[in-house]
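Per-entry structural report
For reference, the chains in residue letters:
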Amino acid sequence: KETVGASEVFRLGLIKARSISDELPIIYTVRMQNTGTKPWPPTAALVHHSGPVMDLAILSLTELPPKSCGDFFVELTVPKATTRQNMKSCWVLRDTATNQPLGPVLMMEVDVKPEGDHDDDDDEETEGKKKNASTFEDDDDDDDDDD
């Protein structure tokens, strides 16, 4: 596997559904801060790293001075899903000219569990949250956070 080169992961959202009968468009406003000492270059972008692309292979960003915040509009399309699936898609903040990481990984998670699926995975989901709690800055169930 390729190393991402980022030290933080932020979850954009978690969608739980019985099925997704048609593609599902989602738009997020993501506020990011340049915590570094140099401005982000004009070639800064969110670049798809893993999982379903969700119609977002790359999103060009603007230059961002050190210690400044910027709001970016992320438009995703969650694919159809009628069978049990857990999709995790990740995008990395990179300088596309050098391929160097500039910041965190953003992750979108979709969990599809069809009606009548009686797996005993509720304990696994709870355990997974405990295991991942240190990975995410905000691991509560409030999906509108725009960290």
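See above for the structure.
Anyway, here's the lowdown on the structure attached to this text. None of these values were measured; they are calculated from a predicted model.

Some details on the sheet that holds strand 4 (residues 58–60)
Spatially, the five strands line up as an open sheet ordered 1-7-6-3-4, and their pairing is mixed. Looking at strand neighbours, the two that pair on one side only are strand 1 (9–17) and strand 4, the edges of this open sheet. The sheet shows a mean angle of 20 degrees between the axes of neighbouring strands, direction not considered. Bridge analysis of strand 1 against strand 7 (residues 100–112) gives eight bridges, and the strand direction is parallel. Residue A17 lies in a different strand from strand 7, and its bridge partner there is V112.

Remarks on the environment of P104
In this fold, P104 is placed in strand 7. Considering only alpha carbons, one finds P104 and G5, 99 residues apart in sequence, at a separation of 8.8 Å. Contacts of P104, omitting those with residues within four sequence positions, involve A6, E8, F10, W91, V92 and L93.

Section: the side chain of D95
By secondary structure assignment, the location of D95 is in strand 6 (residues 85–95). Of note is the side chain of D95, whose polar atom sits 2.9 Å from the backbone nitrogen of A97. Excluding anything up to four places from it in sequence, D95 contacts P41, T43, A44, Q100 and L102.

Quick notes on the pattern of salt bridges
Proximity of charged atoms lets side chains of opposite charge pair with each other. Enumeration over the complete set of coordinates arrives at two salt bridges. Across the pair E109 and R11 runs a salt bridge, and its minimum N-O distance is 3.7 Å. Taken together, the positions of E109 in strand 7 and R11 in strand 1 put the pair 98 residues apart, joining distant regions of the chain. On the accessibility criterion, E109 (12% relative accessible area) is buried.

Observations regarding the nonpolar core
In globular proteins that are soluble, nonpolar side chains generally tend to be buried together. Formed by 28 residues in total, the largest nonpolar core has its most connected members in L61, V74 and M108. Ignoring anything within four residues of it in the chain, the contact list for M108 reads L12, G13, I15, I26, Y28, M54, L76, M87, K88, S89 and W91. Counting residues in hydrophobic clusters, the runner-up holds five residues, among them V4, C90, V92 and V105.

Observations regarding unusual backbone geometry
One non-glycine residue, K67, lies in positive phi territory at about 65 degrees. Here K67 shows up in the loop between strand 4 and strand 5 (69–78). The class of K67 is exposed, set by a relative accessible area of 54%. The backbone phi angle of N99 is positive, close to 65 degrees, even though this residue is not glycine. With respect to the secondary-structure elements, N99 resides in the loop between strand 6 and strand 7.

So, the environment of W91
Within the secondary structure, W91 is located in strand 6. Residue classification places W91 among the buried residues on the basis of a relative accessible area of 1%. For the pair W91 and A45, spaced 46 residues apart in sequence, the C-alpha separation works out to 9.4 Å.

Cut-offs used in this document
Residues numbered from 1 in each chain as written. Predicted model: local features only at pLDDT ≥ 70, side-chain atom pairs only at ≥ 80, totals over all residues. Heavy atoms only, no water. Pairing = 2+ DSSP bridges. Helix = DSSP H or I, 4+ residues; strand = E, 2+ residues; numbered from the N terminus. Axes fitted to C-alpha atoms, helices over the stretch in contact; angles between N-to-C directions. Contact = heavy atoms within 4.5 Å. Polar contact = N/O pair within 3.5 Å; in protein donor to acceptor, adjacent residues only side chain to side chain. Salt bridge = Lys/Arg side-chain N within 4 Å of Asp/Glu carboxyl O. Buried < 20%, exposed > 50% of the residue type's maximum accessible area, 1.4 Å probe, protein only. Core = buried A, V, L, I, M, F, W, Y, C linked by side-chain atoms within 4.5 Å.

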